Amino acid sequence: MLGALKDAVLILDEVKRLGGNIQKLADRVEALEQRTDQAEKDRAVELAHDEARVAKFEARFESRIVGVEAQMVKVEAAARVAVAETYAALAERVTRLEMGPPNGGGSPRLNPPGLPAPET
């Protein structure tokens, strides 16, 4: 009976030792999980910062594109106005040349072939 009691004490000591080792392992696992969770949180924060930077860049890029497009519209409008003004000035000049001087007689160069020149 004494031998069985000694064996039981040895087994109990071994269980305590193993229990302590298991607790140490559990603590290490928990510490690793906390570090992993923190690393994942850090990565998520970094990703959010990166996405914010990209969105900011895209917004700046889009605003520049809009500004360039607005300038292009202004240039096109100015060009159309210039063309219209030039056309009007040329049309007025051609009309004056066709009508000739105030006392009559238009330019014979501007009369199409086959039509008589205005009498002077």
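Up top is the structure these notes are about.
From a predicted model like this one, the values you see are computed outputs, not experimental measurements. Sequence positions are assigned chain by chain, starting from 1 and proceeding in written order. The predicted origin of the model limits local features to residues at a pLDDT of at least 70 and limits the giving and counting of side-chain atom pairs to 80 or more, whereas totals for whole chains, interfaces and linings rest on all residues. The side-chain figures draw on all heavy atoms in the structure; neither hydrogens nor water molecules are used.

Overview of the overall build of the protein
Part 1 of the reasoning: Scanning the protein for helices and strands turns up 1 helix and 0 strands.
Part 2 of the reasoning: Any residue under 20% of the maximum accessible area for its type is buried, any over 50% is exposed, and the rest in between are partly exposed; the area is computed with a 1.4 Å probe on protein chains only. Residue burial in the protein is summarised as follows: out of 120 residues, 2% are buried.
Part 3 of the reasoning: Values of accessible area rely on a 1.4 Å probe in the Shrake-Rupley scheme; residue burial ignores everything except the protein chains shown. Only carbon and sulfur atoms are counted for the fraction: they give 63% of the accessible area of the protein, which is about 11,000 Å². Secondary structure elements are defined from DSSP: runs of H or I of at least 4 residues count as helices, runs of E of at least 2 residues count as strands, and each element is numbered from the N terminus.

Notes on the pattern of salt bridges
Part 1 of the reasoning: Salt bridge, as used here, is a side-chain nitrogen of Lys or Arg placed within 4 Å of a carboxyl oxygen of Asp or Glu. Tallying each qualifying case throughout the model produces 3 salt bridges.
Part 2 of the reasoning: Note that Arg53 is salt-bridged to Asp50, the shortest N-O span being 2.6 Å. Residue Arg53 and its partner Asp50 are both found in helix H1 (residues 2–99); the two are separated by 3 residues, about one turn of the helix.
Part 3 of the reasoning: For Arg53, a relative accessible area of 53% corresponds to the exposed category.
Part 4 of the reasoning: You can call Asp50 partly exposed: its relative accessible area is 38%.
Part 5 of the reasoning: The shortest N-O distance in the salt bridge between Glu92 and Arg96 comes to 3.7 Å. One end of the pair is Glu92 and the other is Arg96, both in helix H1 and 4 residues apart, which spans about a single turn.
Part 6 of the reasoning: Assessed through its relative accessible area of 47%, Glu92 is described here as partly exposed.

A word on a negative patch on the surface
Part 1 of the reasoning: On the surface, a cluster of negative charge is contributed by Asp27, Glu30, Glu33, Asp37 and Glu40.
Part 2 of the reasoning: Summarising the element assignment, Glu30 is placed in helix H1. Here the term patch refers to residues with relative accessible area over 30% and no salt bridge, with like charges joined within 9 Å and nonpolar side chains (Val, Leu, Ile, Met, Phe, Trp, Tyr) within 5 Å. In summary, the charge assignment counts Lys and Arg as positive and Asp and Glu as negative, without counting His or the chain termini. The atoms used to mark charge sites are NZ of Lys, CZ of Arg, CG of Asp and CD of Glu.

A closer look at the packing of aromatic side chains
Part 1 of the reasoning: Each pair of aromatic rings taken from Phe, Tyr and Trp, with Trp reduced to its six-membered ring, is defined by centres within 6.5 Å and is described as stacked if the planes are under 30 degrees apart, edge-to-face if over 60, and tilted in the remaining cases. The tally for this structure, following the rule as stated, stands at 1 aromatic pair.
Part 2 of the reasoning: Both rings, one in Phe57 and one in Phe61, keep their centres 6.3 Å apart while their planes meet at 15 degrees; by these two values the pair is stacked. Of this pair, Phe57 and Phe61 both sit in helix H1, 4 residues apart, roughly one helical turn.
Part 3 of the reasoning: Here Phe57 falls in the exposed class, since its relative accessible area comes to 58%.

Brief notes about a nonpolar patch on the surface
Part 1 of the reasoning: Together, Leu2, Leu5 and Val9 give the surface a local cluster of nonpolar side chains, amounting to about 310 Å² of exposed area.
Part 2 of the reasoning: Given the relative accessible area of 43%, Val9 is considered partly exposed.

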